[in-house]
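# Fold and geometry: a report
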Amino acid sequence: MTELLHEPKPTPLALLLLGQGADPDSERGVECPGALPPASDPDLVDRAARARAALGDRAFILGHHYQRNEVIQFADVTGDSFKLAQQAAANPQAEFIVFCGVHFMAESADILTASHQQVVLPDLAAGCSMADMADIAQVESCWASLEQAGIADVTVPITYMNSTAAIKAFTGRHGGAICTSSNARQSLQWALEQGQKVLFLPDQHLGRNTAVRDLGLGLADCVVYDPRRPLGGLTEAELQRATMILWKGHCSVHGRFSPGNVDDVRRRVPGVQVIVHPECQYEVVEKADVVGSTERIIATIAQAPAGSSWAVGTELNLVRRLAQDHPDQTIVYLDDTVCFCSTMNRIDLPHLVWALESLAAGNVVNRIQVDADTAHWARIALDRMLSLPGPAAKAD
Ligand code: 13P
Ligand code: SF4
């Protein structure tokens, strides 16, 4: 029987009201320039369907797995960030790419699409708290620290997709590549063939998990660079000794899962298998049975036999959808205090209706556009990733 044993407690952080307010500390905007339909409008689904039909092949809608069902039902393709980047690049016929995901994904889509295509993010407030943990000035200053320690020449930057276009461009300029949670192993392996050390931005957990679990490095080969402290809070000798220099960033959703959650669920649900996203802490990933991107989590559960039990450590919209899609399995959430990704959830039906109706009326709203120089260098880093061998499956 399908059951979600534990629903999350509501987030203590109030969301900004739809289309209002400002967040000056973020890479993203907040204001919605148009009149959103009220969320209570009973015709929202029909309005979205009509606008979608009116746009036809002129629009292609991409939906990340963390999006709400009310939005996912209108996606032409759903996927993890790797698959969505590929799909953005693979659909040159569409004049508009409507990205139901977060800001950094829409930026990457703009970089990977042709100049006649326009990328639209239905709510500009859909950012990523992890991407906000690294800004380009901090990253430039970190590189200066590596130069000071005499190691910049042998260091290759590997930047997680969850980052600003400016940091992706920095990565391209310095001979590095982008990675996603699907292909971090391949990107890291490639980087260590190019140089002796890796600067991994901005998710310390994905960097550590990949280096230690997939590539056989030791925890002692990793140091954490804190951008708020001189020399990252490290000595020159520590930087010189390390193979992996991990940026002190994390996902505010996945970072909350704890090793205790894994122990608890194993006690509560007999025979449960634990599957988690690699943005979780190393100690959590070590206790899990399977580790993988959102796409991999979905595929693993889809292939599991009826009667299987899973505790899933990733965002709640996806876990709920998995439970709905697999009524013959028991799918539970790994921890009841972890909640939705609040920024992913900014994209809702009113914003989607507003964006689609605006496009259908000839008004391009919330266009995400990366400047030409940034896009040029970021594309080099993205293309290095896309040219590596595809994501490989790896069970624990
Ligand atoms: P995926 O690459 O697995 O889609 O993850 C993106 C993300 O933002 C996870 O938090
Ligand atoms: Fe960013 Fe975490 Fe949300 Fe993914 S789940 S978009 S990493 S805050």
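Cut-offs applied
- Residues numbered from 1 in each chain as written.
- Chains lettered and ligands numbered in written order.
- Predicted model: local features only at pLDDT ≥ 70, side-chain atom pairs only at ≥ 80, totals over all residues.
- Helix = DSSP H or I, 4+ residues; strand = E, 2+ residues; numbered from the N terminus.
- Buried ≥ 20, exposed ≤ 12 C-beta atoms within 10 Å, placed from the backbone.
- Contact = placed C-beta atoms within 7 Å.
- Pairing = 2+ DSSP bridges.
- Axes fitted to C-alpha atoms, helices over the stretch in contact; angles between N-to-C directions.
- Core = buried A, V, L, I, M, F, W, Y, C linked by C-beta atoms within 7 Å.
- Near = placed C-beta within 6 Å.
- Nonpolar A, V, L, I, M, F, W, Y, C, P; charged D, E, K, R; others polar.
- pLDDT = per-residue confidence, 0-100.
- Right-handed = clockwise from strand over helix to strand, strands pointing away.
- Parallel < 35°, antiparallel > 145°, perpendicular 65-115°, else oblique.

## Observations regarding the overall build of the chain
From N to C terminus, the chain includes 15 helices and 14 strands. By the burial criterion, 52% of the 396 residues in the chain qualify as buried. Look at the contacts in the chain between residues 6 or more apart in sequence, and 70% of them connect residues 24 or more apart.

## Looking at the sheet that holds strand β3 (residues 96-100)
One open sheet accounts for five strands, arranged β2-β1-β3-β4-β14; its pairing is mixed. The strands lining the two open edges of the sheet, one partner per strand, are β2 (77-79) and β14 (367-368). In the packing of helix α4 (residues 103-112) onto the sheet, the strands contacted are β1 (59-64), β3, β4 (118-120) and β14, and the crossing angle to β3 comes to about 160°.

## What about the nonpolar core?
Core analysis: the largest hydrophobic core is formed by 122 residues, its most contacted members being I97, V98, F99, V276, V312 and L352. Apart from the residues lying within four places of it in its own chain, the contact partners of L352 are A48, V71, F74, C100, P122 and I347.

## Let's talk about the site of ligand 2
The local shell around ligand 2 holds 13 residues, among which C128, M130, C251, V253 and C341 are the closest. Along the lines of polarity and charge, the residues of the shell around ligand 2 split into seven nonpolar, four polar and two charged.

## Digging into the site of ligand 1
With respect to spatial proximity, the complete set of residues near ligand 1 consists of D80, S81, F82, N162, T180, S181, C251, E279, S293 and T294. Looking at the shell around ligand 1 residue by residue, the class counts come to two nonpolar, six polar and two charged.

## What about helix α12 (residues 294-303)?
Structural remark: α-helix, 3.6 residues per turn; residues separated by three or four positions point the same way. α12 sits mainly inside the fold: seven of its ten residues count as buried. Within the span of α12, buried status applies to T294, E295, R296, I297, I298, T300 and I301.

## Concerning the confidence of the model for the chain
Here the chain averages 90 in pLDDT, while 90% of its residues score no lower than 70. pLDDT under 50 marks residues 1-22. Its contacts with residues more than four places away, or in other chains, come to 41 contacts. A low-confidence stretch, residues 392-396 stays under pLDDT 50, and its non-local contacts, those more than four residues away or across chains, total eight contacts.

## Observations regarding unusual backbone geometry
The phi torsion of most residues other than glycine is negative, and most of the peptide bonds are trans. A cis amide bond links L201 to the next residue, P202, at an omega of -20°. If you check the backbone angles, L231 has positive phi at about 55° while not being a glycine. As for its position among the elements, L231 is in the loop between β8 (222-225) and α9 (236-241). Residue class for L231 comes out partly exposed when judged on the 18 C-beta atoms lying within 10 Å of it.

## Some points on the pairing of strand β12 (residues 309-313)
For β12, the buried fraction is high: four of the five residues fall into the buried class. Looking at chain direction, strand β10 (residues 273-276) and β12 are connected through four bridges and run parallel. The residue bridging V274 from the neighbouring strand is A311, located in β12. Bridge analysis of β12 against strand β13 (residues 330-333) gives four bridges, and the strand direction is parallel. Bridge pairing in β13 links A311 to V332. On the question of chirality, the crossover connecting β12 to the parallel β13 by way of helix α13 (residues 316-325) is right-handed.

## Notes on the pairing of β1
On a regular strand, each side chain points to the face opposite its neighbour's, so the side chains alternate between the two faces of the sheet. Counting buried residues in β1 gives six out of six residues, a clear majority hidden from the surface. The alternating pattern of β1 places A59, I61 and G63 on one face and F60, L62 and H64 on the opposite face, and all of these are buried. Pairing analysis gives five bridges linking β1 to β3, with the strands arranged parallel. Note on β3: the bridge partner recorded for A59 is F96. Two elements, β1 and β2, share three bridges in a ladder whose sense is parallel. Across the sheet, residue L62 finds its bridge partner in β2, namely V77.

## Remarks on the sheet that holds strand β11 (residues 290-291)
Spatially, the four strands line up as an open sheet ordered β11-β10-β12-β13, and their pairing is parallel. Among the strands making up the open sheet, the edge pair consists of β11 and β13. Docked against the sheet, α13 engages β12 and β13, running at close to 165° with respect to β13.

## Comments concerning the packing of helix α7 (residues 184-194) against helix α8 (residues 204-214)
For any two helices packed against each other, one specifies the inter-axial angle together with the distance between the axes. Contact geometry for α7 and α8: axes closest at 10 Å, N-to-C directions at 75°. Here α7 is positioned roughly perpendicular relative to α8, judged by the angle of their axes. Counted together, A184, R185 and L188 of α7 and L206, T210, A211 and D214 of α8 form the full contact between these two elements. Along the lines of polarity and charge, the residues of the contact of α7 with α8 split into four nonpolar, one polar and two charged.

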